[in-house]
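Spelled out, the chains give:
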Amino acid sequence: MPISLSTVSLESASAAAIPSKASPCCQTPPPSNLFITRRHGGGRATLSAPKNHGPLRTQPRKPLRPVHLSSSHHTPPADPEAAAKEALSEYFHGELGLSEEESVSIVSMAPKFLATLIDDVKELDELPQLWGEYGYQKGDDSITAADGGHFGDGYGFKEKVIYMAKQKGDGGKAAFLESLGLSLPSATYIARLLSLETLPSIIHKVKTMKEMFFPARDGSHIVGKNARRLMMSLLIPVDEDVQQTLSFFEKIEAKRGGLEILGDGDAAFPYLVESFPRLLLLSVDSHLKPMTQFLQRVGVHGRSSGYILLLFPPILFYDVKSVKNRLLVFDEVGPAEDMGKLLIRYPWVLSSSIQKNYKEIISFFEMERVPRVFIDHAIKSWPHVLGCSTGKLRSMTECLGDLNVRGKMLGKVIAKSPQILLRKPGEFHQVVSLFEEVGFNSETTGKILVRCPEIFAASVEKTLKKKLNFLASIGISKDHLPRVIKKYPEVLVSDIERTLLPRMNYLMEIGLSKREVISMLRRFSPLLGYSIEEVLRPKVEFLVNTMEKPLQEVVEYPRYFSYSLEKKIKPRHWVLKGRGIKCSLKDALSKNNEEFAAEFMGVGSPPPP
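Residues numbered from 1 in each chain as written. Predicted model: local features only at pLDDT ≥ 70, side-chain atom pairs only at ≥ 80, totals over all residues. Heavy atoms only, no water.

As annotated in an unreviewed UniProt entry, the chain is Transcription termination factor MTERF2, chloroplastic from Trapa incisa.

Right, here's the structure in full:
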């Protein structure tokens, strides 16, 4: 319990405990069982003693290196903060071995640490007799008063600031950590963990880690988006490494900007250190660099290595051999060169909980008679499935089974769109209900599911209904809608602005009316899926310039665009032209090779008389 100086008689403790200023040679360190404490609310400092203490005894204080600064009178400076900054910078530069630029930068970015030093000095100045408890004899390898008297009487404000900084005992680490953006309590705690490290070595590690975690300033939104996806797709109990990573993400998400700032080194690094303080204990040469080199060997380069480390920082606590062994678990997913891609897309594959769940997922699909090749392909293309519980997988496979999609067909679906496994059954049934409204029965819906499973992984409100409204707006009636979707279901997951409208606009630009374009789409909706530069334009130019046919022919037979220009359209055109035969596009292209040869080349017909 703190005891006020006004109620405690120090003389009764020991005559030698408080030496006289006139007898400097008799000065001794302060009693070991008395300490200075600060009252809550910013009150004056008081001298305290533990309960049930025995007679006051003196103990030798740990020697401090001498500081030889110009002596000044004890009048407080006009600007204490500026004077304290100057003093602390001199301490960092002169005694801790930092450059002058580094020293000034750290001090300017550690205002709370600096404020504690100023407050300590001020409070002891308010109780000058307490400075006597910190006084030492000349030549005892510490700061001493110039006249051999009490320290508070002999030295100025800057010297006292330096002395109090030394009394912290962390070698400037707390100030440096605060300058990185950590709160002072966190910085102080972590500084204790780093007691065996020097400040220059920690600065070097921080610089190296920032280069590893944040190799590029752009693209921070990408790593934030991936972090959110990792969190949303995780549906299993996790190990300590993943749990720590989730806690790190939650700290970032709670801040202004959320997970979008995860890739920003200045904003995210303090939370990284707070969440994983042991990172600063790792050796740069024997641990950090070998891990970076290993990632490069498996195909992880540049910013991708930073993304992996940010999305799963515990990887740095593994040794290279351990990481290799963990990756071997997925050797059937793909060749060794694909392991880097797997790590980039889902760094949590290295965690023990995900590795255990992987084996359970394989066993589940094998019981569902899904060929292993489809399972591996699904994991390779969308490894977030590894965070899905077998209970969740069972509920979705039952939904697919209701549409008669099982076994090998189920494998094809999950290989094409493994995201469908992460859907909620209710969301899946919403898509099925929408297809029923359009006019499809369960059998046709199942066939569309197998052909384009991405539809069933899409949002009904944000994607599917939006495409249905678009088709209605351009003139596709409800009667024609089932035919349009059945012929080209991919239209429901195509981008309107970047895919559908540009193709329609191109057909109108070459001379077709909107009415003619809509007529073509009603009969052959895959037209909306063909690339303008690779399919539509080359075939239009060949039709008009080489075949010398009018555009009206493609209006009558829009399937013309579905045939290969090099393998079918050109060869048949040259055959017909060489024989002087003129016919419609449909007659020239709709027949198979045998029928074409029989009709236009006389193959298989009886010889003339």
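Now that the structure has been shown, the text picks up again.
A. Structural context of the overall build of the chain. What the chain contains, in helices and strands, is 31 helices and three strands. Looking at the 609 residues of the chain, the share that counts as buried comes to 48%. Across the chain, every contact between residues at least 6 apart in sequence was considered, and the portion connecting residues at least 24 apart equals 72%. Accessible surface, the chain: about 30500 Å² in total, of which carbon and sulfur atoms supply 52%. (Helix = DSSP H or I, 4+ residues; strand = E, 2+ residues; numbered from the N terminus. Buried < 20%, exposed > 50% of the residue type's maximum accessible area, 1.4 Å probe, protein only. Contact = heavy atoms within 4.5 Å. Areas by Shrake-Rupley, 256 points an atom, 1.4 Å probe, with all protein chains shown as cover.)

B. Summary view of the packing of helix H17 (residues 352–367) against helix H19 (residues 390–401). At a closest axis distance of 10 Å, the pairing of H17 and H19 adopts a crossing angle of 30°. What the angle tells us is that H17 and H19 run roughly parallel. For the pair H17 and H19, the sense of crossing is right-handed. Residues Glu-360, Ile-361, Phe-364 and Phe-365 of H17 form the contact with H19, whose participating residues are Thr-390, Leu-393, Arg-394 and Thr-397. Across the contact of H17 with H19, the residue classes break down as four nonpolar, two polar and two charged. (Axes fitted to C-alpha atoms, helices over the stretch in contact; angles between N-to-C directions. Parallel < 35°, antiparallel > 145°, perpendicular 65-115°, else oblique. Left-handed = near helix turned anticlockwise from the far one by under 90°. Nonpolar A, V, L, I, M, F, W, Y, C, P; charged D, E, K, R; others polar.)

C. Quick peek at unusual backbone geometry. A positive phi is found at Asn-404, a non-glycine position, where the angle reads about 65°. Its identity as a non-glycine residue notwithstanding, Glu-548 has a phi of 55°, on the positive side. Along the chain, the position of Glu-548 falls in the loop between helix H27 (532–546) and helix H28 (552–556).

D. Representation of the pattern of salt bridges. Under the criterion given, the structure shown has 22 salt bridges. A salt bridge links Lys-205 to Glu-197, with the shortest nitrogen-to-oxygen separation between them at 3.3 Å. The partner of Arg-451 in a salt bridge is Glu-490, with the nearest N and O atoms 3.4 Å apart. One end of the pair, Arg-451, is in helix H22 (residues 442–451); the other, Glu-490, is in the loop between helix H24 (481–487) and helix H25 (496–509), and 39 residues separate them in sequence. Three or more residues joined by partner-sharing salt bridges are found here, namely Glu-332, Glu-366, Arg-372 and Asp-376. (Salt bridge = Lys/Arg side-chain N within 4 Å of Asp/Glu carboxyl O.)

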